[in-house]
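Fold and contact review
Here is how the chains run, residue by residue.
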Amino acid sequence: MVKINPTGITHVGIAVTDLEKAIDDYSALFDFEAIERNEVSSEGVKVAMLKTGASELELLCPTKEDGPIAKFIREKGEGIHHIAIRVPDVPNAIEAAKALGLRVLDDKPRKGARGAKAAFVHPKSFHGVLLEFYDR
Ligand code: CO
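It should be emphasised that the depicted structure is a prediction, and the values quoted were computed from it without experimental measurement.

As for the nonpolar core
Ranked by size, the top nonpolar core spans 11 residues in total: Ile14, Val16, Leu19, Ala22, Ile23, Phe32, Ala48, Leu50, Leu57, Leu59 and Cys61. Secondary-structure elements contributing two or more residues to this core are helix H1 (19–29), strand S3 (45–52) and strand S4 (55–62). If we skip the residues at most four places from it in the chain, valine 16 touches Ala22, Leu59, Leu60, Cys61, Pro62, Ile73 and Glu78. In this structure, Val90, Ile94, Val104 and Phe133 belong to the second largest nonpolar core, which totals 10 residues.

Written out as structure tokens, the structure reads:
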């Protein structure tokens, strides 16, 4: 099997209850290069990407009660939700992970911000960390 060659942590996803408050709290100390806001209504989440050099903090705030981020916060509170690893080819990473028997949560890449492809692997497969493959 050909292994996947990761080229960095693209971002760390952090679940928050109040997006603007979280942006203000992080920005009180850090002068981010850019702050980009997005909403993914299908996932029930508002997103802010805080650029920190080569990687980003991805603040995730629920917009509906039955979305995955709302559920995460109910069960665990605010905090680190996932880590995104940059891979050259997300569909290829999905197939390779499946071939290893990992619990891939996406059969096909989902759309991330800025045209990125993304896919998640269940925390059970990576020692308690929800891992995201990301190609940007
Ligand atoms: Co992410």
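Focus on the coordination of the cobalt ion
In this structure, His11 (NE2), Glu58 (OE), His82 (NE2) and Glu132 (OE) serve as the protein donors to the cobalt ion, at separations of 2.0 to 2.3 Å. Taken together, the four donor atoms surrounding the cobalt ion define angles of 83 to 170° at the centre, an arrangement classified as irregular.

Focus on the pairing of strand S7 (residues 117–121)
With four of its five residues buried, S7 lies for the most part within the structure. Sheet analysis places S7 next to strand S8 (residues 131–134), joined by four bridges and oriented antiparallel. Note that in S8 the partner of valine 121 across the bridge is leucine 131.

Describing helix H2 (residues 68–76)
Three or more residues of H2 are buried, namely Ile69, Ala70, Phe72 and Ile73. Buried residues in H2, looked at end-on, bunch into an arc of 160°, giving them a common side. Exposed positions of H2 whose direction lies more than 90 degrees from the buried face are Arg74 and Glu75. Where H2 is buried, its residues meet strand S1 (9–15), S3, S4 and strand S5 (79–86). Glycine 77, located one to two residues past H2, shows a positive phi value of around 80°.

Criteria and thresholds
Residues numbered from 1 in each chain as written. Predicted model: local features only at pLDDT ≥ 70, side-chain atom pairs only at ≥ 80, totals over all residues. Heavy atoms only, no water. Core = buried A, V, L, I, M, F, W, Y, C linked by side-chain atoms within 4.5 Å. Buried < 20%, exposed > 50% of the residue type's maximum accessible area, 1.4 Å probe, protein only. Helix = DSSP H or I, 4+ residues; strand = E, 2+ residues; numbered from the N terminus. Contact = heavy atoms within 4.5 Å. Donors = N, O, S within 2.8 Å, 3.2 Å for Na, K, Ca; no water. Tetrahedral: all angles 85-135°; square planar, octahedral: opposite > 155°, others 65-115°. Pairing = 2+ DSSP bridges. Arc of directions from axis to C-beta.

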